[in-house]
Amino acid sequence: MKTVLITGTSSGYGRETARHFHAQGWNVVATMRTPRPDVLPVSDRLRVLELDVTQPESIAAAFEAAGPVDALVNNAGVPAMGVFEGTSMARVREVFETNTFGVMATTQAVLQQFRERGSGVVVNVTSSVVLGHMPLTAVYKASKAAVEGFTSSLALELAPFGVRAKTVEPGACLTTNFAVAALGGGSLADMVPAPYAAFAKDAMDGVSRQVEFTKESDVAETVWRAVHDTTGRLRFPAGPDAVRLAEAR
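Basis of the calculations
- Residues numbered from 1 in each chain as written.
- Predicted model: local features only at pLDDT ≥ 70, side-chain atom pairs only at ≥ 80, totals over all residues.
- Heavy atoms only, no water.
- Helix = DSSP H or I, 4+ residues; strand = E, 2+ residues; numbered from the N terminus.
- Buried < 20%, exposed > 50% of the residue type's maximum accessible area, 1.4 Å probe, protein only.
- Contact = heavy atoms within 4.5 Å.
- Pairing = 2+ DSSP bridges.
- Right-handed = clockwise from strand over helix to strand, strands pointing away.
- Axes fitted to C-alpha atoms, helices over the stretch in contact; angles between N-to-C directions.
- Core = buried A, V, L, I, M, F, W, Y, C linked by side-chain atoms within 4.5 Å.

Draft legend 1. Region of the structure containing the side chain of Thr98. Residue position: Thr98 is located in helix α3 (residues 89–117). Exposure remark for Thr98: the relative accessible area of 11% places this residue in the buried category. Ignoring sequence-local partners within four residues, the contact set of Thr98 consists of Val53, Thr54, Ala76, Gly77, Val78 and Val103.

Draft legend 2. Structural context of the environment of Thr107. Note on placement: Thr107 falls in helix α3. C-alpha of Thr107 to C-alpha of Val123: the two residues are 16 residues apart in sequence and 9.3 Å apart in space. If sequence neighbours within four positions are ignored, Thr107 has contacts with Leu72, Asn74, Val122, Asn124, Phe150 and Leu154.

Draft legend 3. A look at the pairing of strand β6 (residues 164–170). Counting buried residues along β6, 6 of its 7 residues qualify, which places the element largely inside the surrounding structure. Where strand β5 (residues 121–125) and β6 come together, 5 bridges link them in parallel fashion. The residue bridging Val125 from the neighbouring strand is Val168, located in β6. Taken together, β5, helix α4 (residues 138–158) and β6 constitute a β-α-β crossover, and its handedness is right-handed.

Draft legend 4. Spatial organisation of the sheet that holds strand β2 (residues 27–32). Pairing within the open sheet is parallel, and its 7 strands lie in the order β3-β2-β1-β4-β5-β6-β7. For this open sheet the edge positions go to β3 (46–50) and β7 (235–238), each flanked by a neighbour on one side alone. Across the sheet, the mean angle separating the axes of adjacent strands is 20° when strand polarity is ignored. Note: strand β1 (residues 3–6) against β2, 4 bridges, orientation parallel. By the bridge assignment for β2, Leu5 is matched with Val29. Across the sheet, α3 is in contact with β4 (71–74) and β5; its angle to β4 comes to roughly 175°. In this fold α4 packs onto β5, β6 and β7, with an angle of close to 155° to the strand it touches most, β6.

Draft legend 5. Quick peek at the nonpolar core. Residues Val223 and Val227 are the most contacted members of the largest nonpolar core, which totals 26 residues. Where this core is concerned, the elements lending two or more residues are β1, α1 (12–23), β2, β4, β5, α8 (216–228) and β7. If you tally residues by element for this core, the top one is α8, at 5 residues. Val223 has contacts with Thr17, Phe21, Val73, Val123, Val125 and Val168, leaving out every residue within four places of it along the chain. Judged by nonpolar contacts, the second largest core, of 22 residues, contains Val29, Ile59, Val69 and Ala165.

Draft legend 6. Structural context of the pairing of β4. Because side chains alternate across β4, one face comprises the buried residues Ala71 and Val73, and the other comprises Leu72 and Asn74, equally buried. Pairing of β1 with β4, which is carried by 3 bridges, proceeds in the parallel orientation. Bridging from a neighbouring strand, Val4 pairs with Ala71 of β4. Two strands pair when backbone bridges link them, and β4 and β5 are joined in this way by 4 bridges, in the parallel orientation. Residue pairing across strands places Asn74 opposite Asn124, the latter belonging to β5.

The values are spatial; any link to function lies outside them.
Pasting the structure below:
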């Protein structure tokens, strides 16, 4: 029976992905910065572990507790919206610390066992922001685009050892707390310098007119496909809006 370790499983895509893999018969190691076992099924095939992807000692402890795994799904991330001029560099570094460096750190933690075993797959969850031109996401898009580049090169390095690397690119989801978290509980107006107000309003109005959205189940099913893909495919858009953006490129 195979085992997957998934980061950021307390809500949203990560939680649904953990449920999906469990339902398909896998052993699941569901990691969270603040463990909440009550949000996932009670099962001898599912363990909840504490993991903060920005803390090296937390990463080491989680992987030691997890034992051998067959797949790593890097889903943990922090959202960010706003105008770049009004974004502090401290916030930029905070976003990259989780979305980019955290992905690299957890990936590095699993590579030796994958390489020595001659099998394994890393799936990095990015975003459909990398597929199109989306305003108010400069920092977030940069952090996710970096992971796309990282994964594409990583896949080449790992291929000779029978190890695979993929990205999953979710579209916009109305049932996650992305917008609230991205604004830190405030409003978009708090994140936008006054000269950008009209631009920001037009951008948000455009989002509200969007007719296609992604569901958490779209992402879980796409991660499942990516984990099992052996065709050499690198990128997997998830959700109808993400697929449409990918096809338009």
